[in-house]
Amino acid sequence: DLNGDGQRVQARGLFSSWDSWTLAPVVANSLGGLAVGAVTKYFGSVRKGFAITFGLVLSAVLRVVVTGRSISPAVAIALPLASGGIILHLAQPRRQQPMEAEAKKRE
């Protein structure tokens, strides 16, 4: 026990200092994880990538508007890279495999 927290947890319990505000980020992260799983399951990983990129752009814009601070260098690099990836993906439509084309003909 380096900082005394082990003894405190043993004496009072692990969640003794938690209140309703402590649960807010836990619930938000849990719901976010469920949302990511649902998007991936029902819409696929490509659309999940679109949603993540849109969230990155939205977060950057809101940070500038709400706080007045500029975006970080990492975000300044990530935004054009992710946006460029989406543009490239949309510019190059998926080619049908021969098996898929034949299946469509039978329908």
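This text follows the structure it describes.
On a predicted model such as this, the values are computed, not experimentally measured, just so you know.

Asker: Give me the overall build of the protein chain: which residues, what numbers.
Answerer: Check the secondary structure of the protein chain and you find five helices and zero strands. Here the C-alpha atoms of the protein chain give a radius of gyration of 23 Å, more than 25% beyond the 13 Å that 2.2 N^0.38 yields for 107 residues. Expressed as a percentage of its 107 residues, the buried residues of the protein chain come to 4%. Summing over all exposed atoms, the protein chain offers an accessible surface of approximately 9,200 Å²; the carbon and sulfur share of this is 65%. Across the protein chain, 12 positive and 6 negative side-chain charges occur, with their mean positions spaced 9 Å apart.

Asker: Provide a residue-level description of the pattern of salt bridges, including the pertinent values.
Answerer: Per the stated rule, a full pass over the model turns up one salt bridge. As a salt-bridge pair, D5 and R8 come within 3.3 Å of each other at their nearest N and O atoms. In this pair, D5 and R8 both sit in helix 1 (residues 5-12), three residues apart, roughly one turn of the helix. The class for R8 is partly exposed, based on a relative accessible area of 42%.

Asker: An account of the environment of A74 is requested, with residue identities and associated values reported.
Answerer: For A74, the position within the fold is in helix 4 (residues 73-91). Taking the C-alpha atoms as reference points, A74 and A60, separated by 14 residues in sequence, lie 11 Å from one another.

Asker: Please give an account of helix 2 (residues 20-43) that cites residues and values.
Answerer: Structurally, the α-helix is built with 3.6 residues per turn, so residues lying three or four positions apart point the same way. For helix 2, with 24 residues, the first-to-last C-alpha span of 34 Å sits near the 34 Å given by 1.5 Å per residue. At the N-terminal boundary of helix 2, the capping side chain belongs to D19, with an oxygen 3.1 Å from the backbone nitrogen of W21.

Asker: Go over the packing of aromatic side chains with me, naming the residues and quoting the values.
Answerer: Per the stated rule, a full pass over the model turns up one aromatic pair. Judged by centre distance (4.9 Å) and plane angle (85°), the ring pair of F15 and W18 falls under edge-to-face. On the accessibility criterion, W18 (38% relative accessible area) is partly exposed.

Asker: Can you break down a nonpolar patch on the surface residue by residue, with the values?
Answerer: Residues V9, L14, F15, W18, L23, V26, V27, L31 and L34 make up a contiguous nonpolar surface patch of about 870 Å² in total accessible area. The biggest single contributor to the nonpolar patch is helix 2, with five residues. Structurally, the position occupied by V9 is in helix 1. Overall, V9 belongs to the partly exposed group, its relative accessible area being 35%.

Asker: I'd like to hear about the packing of helix 3 (residues 45-67) against helix 4, residue by residue, with values.
Answerer: Close contact between helix 3 and helix 4 brings their axes to 10 Å; oriented N to C, the two are set at 145°. Like other packed secondary-structure pairs, helix 3 and helix 4 cross with a definite hand, here left-handed. For the pair helix 3 and helix 4, the contacting residues are V46, F50, T53, L56, V57 and A60 in the first and V75, A78, L79, A82, S83, I86, H89 and L90 in the second. Across the contact of helix 3 with helix 4, the residue classes tally to eleven nonpolar, three polar and no charged.

Conventions adopted
Residues numbered from 1 in each chain as written. Predicted model: local features only at pLDDT ≥ 70, side-chain atom pairs only at ≥ 80, totals over all residues. Heavy atoms only, no water. Helix = DSSP H or I, 4+ residues; strand = E, 2+ residues; numbered from the N terminus. Rg over C-alpha atoms; globule rule 2.2 N^0.38 Å. Buried < 20%, exposed > 50% of the residue type's maximum accessible area, 1.4 Å probe, protein only. Areas by Shrake-Rupley, 256 points an atom, 1.4 Å probe, with all protein chains shown as cover. Lys, Arg positive; Asp, Glu negative; His and termini not counted. Charge placed at Lys NZ, Arg CZ, Asp CG, Glu CD. Salt bridge = Lys/Arg side-chain N within 4 Å of Asp/Glu carboxyl O. Expected span 1.5 Å × (residues − 1). Polar contact = N/O pair within 3.5 Å; in protein donor to acceptor, adjacent residues only side chain to side chain. Phe/Tyr/Trp six-rings, centres within 6.5 Å; stacked < 30°, edge-to-face > 60°. Patch = residues over 30% accessible without salt bridge, like charges linked within 9 Å, V, L, I, M, F, W, Y side chains within 5 Å. Axes fitted to C-alpha atoms, helices over the stretch in contact; angles between N-to-C directions. Left-handed = near helix turned anticlockwise from the far one by under 90°. Contact = heavy atoms within 4.5 Å. Nonpolar A, V, L, I, M, F, W, Y, C, P; charged D, E, K, R; others polar.

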